[in-house]
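# Structure at a glance
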Amino acid sequence: MLDHLKANNKAWAARKTAIDSDFFKRLERQQAPEYLWIGCADSRVPANEIVGLDPGELFVHRNVANLAPPQDANYLSVLQFAVDVLKVKHIMVVGHYGCGGVAAAVDGRRRGLVDHWLHPIREVHHDYREELERYPDERSRLNRLCELNVIRQVRNVASDVFLQEAWARGQEICVHGWVYSLSDGLVNDLNVTVCGPYDLIEPPSVG
Ligand code: CO
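Residues numbered from 1 in each chain as written. Predicted model: local features only at pLDDT ≥ 70, side-chain atom pairs only at ≥ 80, totals over all residues. Heavy atoms only, no water.

The helix and strand inventory of the chain stands at ten helices and five strands. In terms of overall size, the chain behaves like a compact globule, its C-alpha atoms giving a radius of gyration of 19 Å where 207 residues would be expected to give roughly 17 Å. Expressed as lengths along the three principal axes of its C-alpha atoms, the size of the chain is roughly 55 × 45 × 30 Å. For the chain, the residues scored as buried account for 41% of the 207 residues in total. In the chain, of all internal contacts separated by at least 6 residues, the share reaching a separation of at least 24 is 64%. Surface summary for the chain: the accessible area is close to 11,700 Å², and the carbon and sulfur share equals 52%. (Helix = DSSP H or I, 4+ residues; strand = E, 2+ residues; numbered from the N terminus. Rg over C-alpha atoms; globule rule 2.2 N^0.38 Å. Buried < 20%, exposed > 50% of the residue type's maximum accessible area, 1.4 Å probe, protein only. Contact = heavy atoms within 4.5 Å. Areas by Shrake-Rupley, 256 points an atom, 1.4 Å probe, with all protein chains shown as cover.)

Next up, the structure:
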């Protein structure tokens, strides 16, 4: 079963060691990534590949619609480990245009458990409904909602006690908001970077 994947794996490991014979030995001894990626689980958004980073260079947390809910033990465990133990320098919350999770949050259809998971996006949608209504079509409205969702998650991460404590003890760490485009493979930096407790972003102004 899955023989093609096992063959791919063997070839990949061989390529890595051909270029750098100590590659895996080094990784085994130490994990020291400078970045934490919080992204969507979507298979078209492969974290390491998009930013050209090797194993060991990017700590990754992915879930449906790249959420950072302050009550989610999975995300919080990743965040604390990244900040307190790995001491990452940058955290990127990375959404993507055309996100099915974001669309599903606001299409009014019932799906079950995932409706609860996506609830924070409906809150963002509600908070910015006046701005969103001005977009001419559904597609651009949803893409803006993808951006607004990322901005909200950046705020969640930056206002978390783990970040506040890290900044209080002088640790240098920045939280960034990006949106990835499936159509051209490029990342759009939303310029909502937070690098300290005193510039917590305000919600973007309407319009
Ligand atoms: Co998505």
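Taken across its seven residues, strand S4 (residues 174-180) has seven buried, putting it largely inside the fold. Residues Cys174, His176, Trp178 and Tyr180 line one face of S4 and the alternating positions Val175, Gly177 and Val179 line the opposite face, and both faces are buried. Taking the residues between adjacent antiparallel strands as the criterion, S4 and strand S5 (residues 187-189) are bridged by six residues, where Gly185 takes a positive phi near 75°. (Pairing = 2+ DSSP bridges.)

We now examine the coordination of the cobalt ion. Protein coordination at the cobalt ion comes from Cys40 (SG), His96 (NE2) and Cys99 (SG), with a distance range of 2.0 to 2.3 Å. Along the chain, the residues donating to the cobalt ion are arranged with the sequence spacing C-x55-H-x2-C. Taken together, the positions of Cys40 in strand S1 (residues 35-40) and His96 in strand S3 (residues 90-96) put the pair 56 residues apart, joining distant regions of the chain. As far as burial versus exposure is concerned, Cys40 and His96 are alike and both buried. (Donors = N, O, S within 2.8 Å, 3.2 Å for Na, K, Ca; no water.)

Our next topic: the sheet that holds S1. Pairing is mixed across the open sheet formed by five strands, whose spatial order is S2-S1-S3-S4-S5. Among the strands making up the open sheet, the edge pair consists of strand S2 (58-63) and S5. Ignoring which end each strand starts from, the neighbouring axes of this sheet average 25° apart. Pairing of S3 with S4 involves seven bridges; the strand directions are parallel. (Axes fitted to C-alpha atoms, helices over the stretch in contact; angles between N-to-C directions.)

Attention now goes to the state of the cysteines. If you walk through the whole model with that rule in mind, you get one disulfide. With its sulfur 2.0 Å from that of its partner, Cys174 forms a disulfide with Cys195. Every disulfide takes its handedness from the sign of the S-S torsion; for Cys174 and Cys195 that torsion is 115°, giving right-handed. With Cys174 in strand S4 and Cys195 in the segment after S5, the pair connects residues that are 21 residues apart, well separated along the chain. When its relative accessible area of 14% is taken as the criterion, Cys174 is described as buried. Using a relative accessible area of 38% as the deciding quantity, one classes Cys195 as partly exposed. (Disulfide = S-S within 2.5 Å.)

Attention now moves to unusual backbone geometry. Residue Leu2 is not a glycine yet carries a positive backbone phi of 55°. Here Leu2 lies in the segment before helix H1 (3-19). For Leu2, a relative accessible area of 54% translates into the label exposed. Look at Ala65: it is not a glycine, yet its phi comes out positive at around 70°. Relative accessible area serves as the criterion here: at 0%, Ala65 is assigned to the buried category.

It is worth spelling out the environment of Ala168 at this point. With respect to the helices and strands, the residue Ala168 is situated in helix H10 (residues 161-168). Along the chain, Ala168 and Asp127 lie 41 residues apart, while their C-alpha atoms are 31 Å from each other.

In this fold, Trp178 is placed in strand S4. Judged by its relative accessible area of 18%, Trp178 falls in the buried class. For the pair Trp178 and Asn63, spaced 115 residues apart in sequence, the C-alpha to C-alpha distance is 16 Å.

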